[in-house]
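# Survey of secondary and tertiary structure
Here is how the chains run, residue by residue.
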Amino acid sequence: AVPSFQSPAGGGKVGQVIFVASSTAVSSVTSVGSFSDFTNAPTVAITPTASNSKVLVEFNLQVSGGGSSSGFDLALCDNSNNVLQTTGTYGSQTTGLTMRTLHTANTTNAVSYKLRGKVNSSGGHHYYIYAQASNPKITVFCSATEILA
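Residues numbered from 1 in each chain as written. Predicted model: local features only at pLDDT ≥ 70, side-chain atom pairs only at ≥ 80, totals over all residues. Heavy atoms only, no water.

### What about the pattern of salt bridges?
Applicable threshold: Definition used for salt bridges: Asp or Glu carboxyl oxygen within 4 Å of a side-chain nitrogen of Lys or Arg. Numbering goes from the N terminus for both helices and strands, where a helix is a DSSP run of H or I of at least four residues and a strand is a run of E of at least two.
Applying the stated rule across the entire model yields four salt bridges. One salt bridge in this structure joins Asp37 and Arg116, with 2.8 Å as the shortest N-O distance. Of the two residues, Asp37 is situated in strand β2 (residues 36-37) and Arg116 in strand β8 (residues 111-119); the sequence distance between them amounts to 79 residues. Among the charged side chains, a network of salt bridges with common partners joins Asp37, Lys114 and Arg116.

Set out below in structure tokens:
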């Protein structure tokens, strides 16, 4: 029981969880210097029940850069292409990574989240999100969790 001189804690409760798993092949991006969409990249959408809720967004994936002397950036964005978080890799290596952010959506309208990529030097380099349905199966996982205020 809560002591009489304290009020019970509020907020921080989970309102809903949306989870997406995708093994659909994703095309690479080749744009230099600005973020662009990956074709067929998974997205996750949530409709917050309260405008003061926060949304915990998470993507778990594998990426690879095609080009040993190039840097690549990945951005987690909302449906207005606002960059919420970025990370980068260098060279032609496959990297498993998790991108996670706590977003204040300020709306009760649906908000979708996606990944966008860019190449940091010219020369025909490509940046890939690895996903495939065949052997070996490679899956991208993404989730959006509403945290009530």
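### With respect to the packing of aromatic side chains
Note the threshold: In this scheme Phe, Tyr and Trp rings, the latter by its six-membered ring, pair at centre separations within 6.5 Å, and the angle between planes marks the pair as stacked below 30 degrees, edge-to-face above 60, and tilted otherwise. Between buried and exposed lies partly exposed: a residue is buried under 20% and exposed over 50% of the maximum accessible area for its type, with that area taken using a 1.4 Å probe on protein chains only.
All chains considered together, the criterion is met by one aromatic pair. For the pair Phe19 and Phe141, a centre-to-centre distance of 5.9 Å together with 25 degrees between the ring planes defines the contact as stacked. Of this pair, Phe19 sits in strand β1 (residues 14-22) while Phe141 sits in strand β10 (residues 140-147), and the two are 122 residues apart along the sequence. Among the residues examined, Phe141 registers a relative accessible area of 35% and is labelled partly exposed.

### A few points about the confidence of the model for the protein chain
The test is simple: The quantity known as pLDDT measures the predictor's confidence residue by residue, on a range of 0 to 100.
With 89% of its residues at a pLDDT of at least 70, the protein chain reaches an overall mean of 85. No element of the protein chain has a lower mean pLDDT than strand β9 (residues 126-130), which averages 76, and none a higher one than strand β3 (residues 44-46), which averages 97.

### Remarks on unusual backbone geometry
Phi at Asn81 takes a positive value of approximately 65 degrees, unusual for a residue other than glycine. Among the secondary structure elements, Asn81 is positioned in the loop between β5 (71-78) and β6 (83-90). In this structure Asn81 comes out as partly exposed when scored by relative accessible area, which is 33%. Although it is not a glycine, Asn106 sits at a positive phi angle of roughly 55 degrees. Structurally, Asn106 can be placed in the loop between β7 (94-104) and β8. Look at Asn106 and you get exposed, because its relative accessible area is 58%.

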